[in-house]
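Chain and residue survey
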Amino acid sequence: MLTPAELVGLIGEVAKGDQAAFERLYVATRAKLYGVVLRILRRQDLAEEVIQETYVKIWNSAGQFNPALSSPITWMVAIARNRAIDIVRKKSEVSIEEEPQAMEVASDSPDPLSRREMTEELKRLLECIGRLEPDRQRLVLLAYYNGWSREQLAEKFAAPVNTVKTWLRRSMLDIRECLGL
């Protein structure tokens, strides 16, 4: 994986229409984005479609990326995650309560791909999430790792949507503080 500074440089080149920079960006980030999308959608065919749409959006939106607002990988993951969640919402005729595997938080033992990609940054992030109260840990993981909407979280935690928004915001501020961001 490239450093954040290298990714910022590549996105800047992509904004100028540099196809070689786009290819390097794709190769450097595809596995991570695909993992996020696949975790949300749980279907390879849909995940591949979303990845394609994600990179088209990255190509078209590269000029709008602002490194002062987020890291490059965070920006790209947000694009992929948001598109995957849109797909889930459109296709969700089945209640989350009817899919027991959707109720589970991430496994304690990551799969081989996850282990290989676990960077120091990810270890720090997991340590910071571990400092949250157990309910807030579950909330953050269900929202950002499993792709649950605020409405789904409100139902699960028996709280108003605005309360869930506040809990997520505060949890994310605590995580950012822990990471020194």
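As a convention, each chain's residues are numbered from 1 in the sequence order in which they are written. Residue-level local features of this predicted model are given only where pLDDT is at least 70; pairs of side-chain atoms are given and counted only at 80 or more, and the full residue set underlies all totals for whole chains, interfaces and linings. Side-chain calculation: all heavy atoms of the structure are included, whereas hydrogens and water are not.

1. Quick word on the environment of A78
A helix here means a DSSP run of H or I that spans at least four residues, while a strand means a run of E at least two residues long, and both kinds are numbered starting from the N terminus. Take A78: it is sitting in helix α4 (residues 72-91). A78 sits 24 residues away from T54 along the chain, and the two C-alpha atoms are 9.6 Å apart.

2. Examining the packing of aromatic side chains
Paired rings are identified among Phe, Tyr and Trp, the last through its six-membered ring, by centres lying within 6.5 Å, and are further divided according to the angle between planes into stacked (under 30 degrees), edge-to-face (over 60) and tilted (the rest). Per the counting criterion, the structure on display carries four aromatic pairs. Ring centres 6.1 Å apart and planes at 80° place the aromatic pair F22 and Y55 in the edge-to-face group. With F22 in helix α2 (residues 19-41) and Y55 in helix α3 (residues 44-61), this pair connects stretches of sequence that are 33 residues apart. Comparing F22 with Y55, the two get one shared label, buried. Ring plane angle 80° and centroid distance 5.2 Å describe the contact between F22 and W59, whose orientation is recorded as edge-to-face. Of this pair, F22 sits in helix α2 while W59 is found in helix α3, placing the two residues 37 residues apart along the sequence. Relative accessibility under 20% of the residue-type maximum defines a buried residue, over 50% an exposed one, and the middle range a partly exposed one, all with a 1.4 Å probe and only protein chains included. Relative accessible area serves as the criterion here: at 29%, W59 is assigned to the partly exposed category.

3. So, the pattern of salt bridges
Each salt bridge in this description consists of a side-chain nitrogen of Lys or Arg and a carboxyl oxygen of Asp or Glu lying within 4 Å of one another. All chains considered together, the criterion is met by four salt bridges. As a salt-bridge pair, K16 and E13 come within 3.6 Å of each other at their nearest N and O atoms. Classification of K16 as exposed rests on a relative accessible area of 67%. With its nearest N and O atoms 2.7 Å apart, the salt bridge here joins R43 to D45.

4. A closer look at the state of the cysteines
Disulfides are defined as pairs of cysteine sulfur atoms found within 2.5 Å of each other. Per the stated rule, a full pass over the model turns up one disulfide. Here C128 engages in a disulfide with C178; their sulfurs sit 2.0 Å apart. As the torsion about the S-S bond is roughly -75°, the C128-C178 disulfide counts as left-handed. Within this pair, whereas C128 is found in helix α7 (residues 120-130), its partner C178 is found in helix α10 (residues 161-179), the two being separated by 50 residues in sequence.

5. Observations regarding the packing of α2 against α4
To obtain an axis, a line is fitted to C-alpha atoms, over the contacting stretch when the element is a helix, and the angle between two such axes runs from 0 to 180 degrees between their N-to-C directions. Their axes nearest at 9 Å, the elements α2 and α4 cross at an angle of 35°. Considering only the axes of α2 and α4, their crossing is right-handed. On α4, the residues that touch L25, T29, K32, L33, V36, V37, I40 and L41 of α2 are I73, M76, V77, A80, R81, A84, I85, I87 and V88. Residue composition of the contact of α2 with α4, by class: 14 nonpolar, one polar and two charged. The crossing is said to be left-handed when, going from far helix to near helix, the turn is anticlockwise and less than a right angle, and right-handed when the turn is clockwise. The criterion used for residue contact is that any of the two residues' heavy atoms lie within 4.5 Å. Residue polarity is assigned by list, with Asp, Glu, Lys and Arg as charged and Ala, Val, Leu, Ile, Met, Phe, Trp, Tyr, Cys and Pro as nonpolar; anything else, Gly included, falls into the polar class.

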